[in-house]
Amino acid sequence: MHAGSGGNAQRTSLEDIVAAVAGVYERLDRQRSIWDVWLHFNHHLGSLAIEVGRDALSETVLHEFADAAMWLLTFVWKASQEPAAGAEAEPESLVRLSATLSDILWRAFPGVCPACHFRSETAIEGAPPCTCAPSKPRYFDSEVWFAHSEELVMRADSGEDMPGSADAWQEFFETLFKDRLELRGLAGLVDDALAQAAQVGDAMIRMYTYVGLEAGHPAGRQRRLEFELAFLVADVLLALSAISQSSALDGLTGARGNAHGLVEALQSRYFDAASGTWICHKCRLPACACRVQIVPSTLAANDVRDQWNARS
Ligand SMILES: [Zn+2]
Ligand SMILES: [Zn+2]
């Protein structure tokens, strides 16, 4: 299966990876706002789109994928923490997740694609391939989804075969979205992830922006944020599958072998095999010591501007 330089890669859970990434960057991530982390992710996802759009793919595709995935998992970590006292603005403290990433994924995809599952007349069991149009996998409108969201959660809570590792999740999505993986291809899947990231962004905004409050909200908004995030993670894992299946990347030394699973993809950039520890790819230390200055929220923006103006 997926040979990993860190050992046990096949059994590493998504929560393990979230914790590993946080272990390297926690000092800085605690100073960052959730928007900061989210924008870093968007930047690297966009950079990945640029790289996969080039005529000749290079190893930069793998680097950008690793960076995008790292920031996405940092977002998951950040949105799972208690808001830091005083350091975060009020609206930000509303953008939080209520469950682990695995549970969030399973509640959105409890063994089925929720879109075709609710379209079909007969109950589907097991993990059938999704029958949504591959080029238009953006599921269904929010009202239909909301009407079925309780059912999804109930189905998730009653099922027992939730994938137990990051690799198992990737294989689950490869099976479920077999057609999309084949027909959309790498560039199409990265496009899908970009479009889906915009949906997550909207769901984040809706956590603190209201025009009246619909029945069932704000709990429904929490569920929508987690639902959109689940689709984004699925898109990102499918893009990784497309990367590892890409014959255009075969010529790169070790690229294919290193890229197949999420653990390998991240470890190709954020891991020191000699010491067996996750590290920062810049300073090469297990607890990043890079000199990054993040303007603290206690400093007035005008003061920062004045300081910069004084320097130039
Ligand atoms: Zn479907
Ligand atoms: Zn560092």
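Please refer to the structure higher up on the page.
The present account deals with the structure reproduced in this document.

What counts, and at which threshold
Residues numbered from 1 in each chain as written. Chains lettered and ligands numbered in written order. Predicted model: local features only at pLDDT ≥ 70, side-chain atom pairs only at ≥ 80, totals over all residues. Helix = DSSP H or I, 4+ residues; strand = E, 2+ residues; numbered from the N terminus. Buried ≥ 20, exposed ≤ 12 C-beta atoms within 10 Å, placed from the backbone. Expected span 1.5 Å × (residues − 1). Contact = placed C-beta atoms within 7 Å. Axes fitted to C-alpha atoms, helices over the stretch in contact; angles between N-to-C directions. Parallel < 35°, antiparallel > 145°, perpendicular 65-115°, else oblique. Left-handed = near helix turned anticlockwise from the far one by under 90°. Arc of directions from axis to C-beta. Core = buried A, V, L, I, M, F, W, Y, C linked by C-beta atoms within 7 Å.

Some details on the overall build of the chain
At step 1: The helix and strand tally for the chain stands at 13 helices and 2 strands.
At step 2: A total of 312 residues make up the chain; the buried ones form 40% of that total.

Looking at helix H3 (residues 60-78)
At step 1: Compared with an ideal rise of 1.5 Å per residue, which puts 19 residues at 27 Å, H3 spans 26 Å between its outermost C-alpha atoms and is within 8% of the ideal.
At step 2: Most of H3 is tucked away, with 17 of its 19 residues classed as buried.

A closer look at the environment of Val236
At step 1: Tracing the chain through its elements places Val236 in helix H10 (residues 219-245).
At step 2: On the basis of neighbour counts, which here come to 26 C-beta atoms within 10 Å, the residue Val236 falls in the buried class.
At step 3: Residues Val236 and Leu189, spaced 47 residues apart in sequence, show a C-alpha to C-alpha distance of 7.8 Å.
At step 4: Filtering out sequence-adjacent residues up to four positions away, Val236 remains in contact with Ala69, Leu72 and Ala193.

Here's the deal with the packing of H3 against H10
At step 1: At their nearest, the axes of H3 and H10 sit 11 Å apart, and the two run at 160° to each other. Here H3 lies roughly antiparallel to H10, going by the angle between them. When the axes of H3 and H10 are compared, the crossing they make is left-handed. Mapping the contact onto sequence places Val61, Leu62, Phe65, Ala69 and Leu72 in H3 and Val236, Leu240 and Ile243 in H10.

Some remarks on unusual backbone geometry
At step 1: Backbone geometry places Arg284, a non-glycine residue, at a positive phi of 65°.
At step 2: Relative to the helices and strands, Arg284 resides in the loop between strand E2 (277-278) and helix H13 (301-311).

Concerning helix H2 (residues 34-52)
At step 1: Across its 19 residues, H2 extends 27 Å between first and last C-alpha, which sits within 8% of the 27 Å expected from 1.5 Å per residue.
At step 2: Among the residues of H2, those classed as buried are Ile34, Val37, Trp38, Phe41, His44, Leu45, Leu48, Glu51 and Val52. Mapping the buried residues of H2 onto a view down its axis gives an arc of 145°, with all of them on the same face.
At step 3: Those residues of H2 hidden inside the fold are in contact with helix H1 (14-31), H3, helix H4 (90-94) and helix H9 (178-206).

Some remarks on the nonpolar core
It is characteristic of soluble globular proteins that their nonpolar side chains tend to be buried jointly.
At step 1: Counting 79 residues, the largest nonpolar core has Ile17, Phe65, Ala69, Ala230 and Ala239 as its most contacted members.
At step 2: Taken together, the elements giving at least two residues each to this core come down to H1, H2, H3, helix H5 (101-108), helix H8 (166-176), H9, H10 and helix H12 (262-270).
At step 3: Per element, the largest residue contribution to this core is 15 residues, and it comes from H10.
At step 4: In contact with Ala239, not counting residues within four places along its chain, are Leu186, Leu189, Val190 and Ala193.

Points about the packing of H3 against H12
At step 1: One can describe the packing of H3 onto H12 by two numbers: an axis separation of 9 Å at closest approach and a directional angle of 105°. It follows that H3 is roughly perpendicular to H12 by the angle criterion. Each of Leu62, His63, Phe65, Ala66, Ala69 and Met70 in H3 lies in contact with H12, whose residues at this interface are Leu262, Ala265, Leu266, Ser268, Arg269 and Tyr270.

Let's talk about the environment of Glu150
At step 1: Tracing the backbone shows Glu150 in helix H7 (residues 142-158).
At step 2: Under the C-beta neighbour-count criterion, Glu150 is labelled exposed, with 12 such atoms within 10 Å.

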